[in-house]
Amino acid sequence: MGVPLSIQQKLLVFALVLLTFVTGTSEFVIVGLLSNVASDLKVTISAAGALVSGFAFAVAVGTPIVTVLVSRYPAYPLMLTCMLIFIAGNITSALSSVILCLWAQGWLPPLRAD
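What counts as what
Residues numbered from 1 in each chain as written. Predicted model: local features only at pLDDT ≥ 70, side-chain atom pairs only at ≥ 80, totals over all residues. Heavy atoms only, no water. Helix = DSSP H or I, 4+ residues; strand = E, 2+ residues; numbered from the N terminus. Contact = heavy atoms within 4.5 Å. Patch = residues over 30% accessible without salt bridge, like charges linked within 9 Å, V, L, I, M, F, W, Y side chains within 5 Å. Areas by Shrake-Rupley, 256 points an atom, 1.4 Å probe, with all protein chains shown as cover. Salt bridge = Lys/Arg side-chain N within 4 Å of Asp/Glu carboxyl O. Buried < 20%, exposed > 50% of the residue type's maximum accessible area, 1.4 Å probe, protein only. Polar contact = N/O pair within 3.5 Å; in protein donor to acceptor, adjacent residues only side chain to side chain.

Notes on the environment of Val37
So, step 1. Assignment of secondary structure puts Val37 in helix 2 (residues 34-41).
So, step 2. As for Val37 and Ser97, which are separated by 60 residues in sequence, their C-alpha atoms are 9.6 Å apart.
So, step 3. Not counting chain neighbours up to four residues away, the residues in contact with Val37 comprise Ile30, Ala48, Leu51 and Leu102.

Here it is, written out as structure tokens:
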């Protein structure tokens with residue numbers, strides 16, 4: 001079969017799978033909800049769509065930089081810290097009622113999805 005995994009290794013694998021699923025789906029869910037977001041924030045759909053563009057730009061530019069900066073830290077605690085930042089960022093985004101707050105949250109992905 002293979003080498004049996006310890007409890008810590010199983011938890012790590014579960015955390016990696018969960019983190020990959022959550023970060024991957026959260027990036028795509030907003031596209032289907034743009035009209036709802038636009039109406040809730042009382043902005044145009046194109047203005048709400050700019051949130052997605054800002055997010056994509058932040059990921060493309062920021063993630064390599066953040067990866068280089070944090071690569072010297074241990075992976076497991078770093079992953080847990082990033083998950084906590086991710087959760088806090090999503091809660092803040094969910095509670096935001098102003099597009100400027102959501103736009104600012106769009107620039108944090110390199111910190112929370114690394």
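Picking up where we left off.
Side note on a nonpolar patch on the surface
So, step 1. A cluster of nonpolar side chains, namely Phe14, Leu18, Phe21 and Val22, defines an oily patch on the protein surface of about 380 Å² accessible area.
So, step 2. Tracing the chain through its elements places Phe21 in helix 1 (residues 7-32).

Considerations on unusual backbone geometry
So, step 1. Despite not being glycine, Lys42 has its phi angle at roughly 60 degrees, a positive value.
So, step 2. By secondary structure assignment, the location of Lys42 is in the loop between helix 2 and helix 3 (45-70).
So, step 3. Residue classification places Lys42 among the exposed residues on the basis of a relative accessible area of 73%.

Describing the side chain of Ser96
So, step 1. Mapped onto the fold, Ser96 is located in the loop between helix 4 (75-95) and helix 5 (99-105).
So, step 2. Under the relative-accessibility criterion, Ser96 is labelled buried at 17%.
So, step 3. Among the polar contacts made by the side chain of Ser96, one reaches the main-chain carbonyl oxygen of Thr92 at a distance of 2.7 Å.
So, step 4. The residues contacting Ser96, other than those within four sequence positions of it, are Leu41, Cys101 and Leu102.

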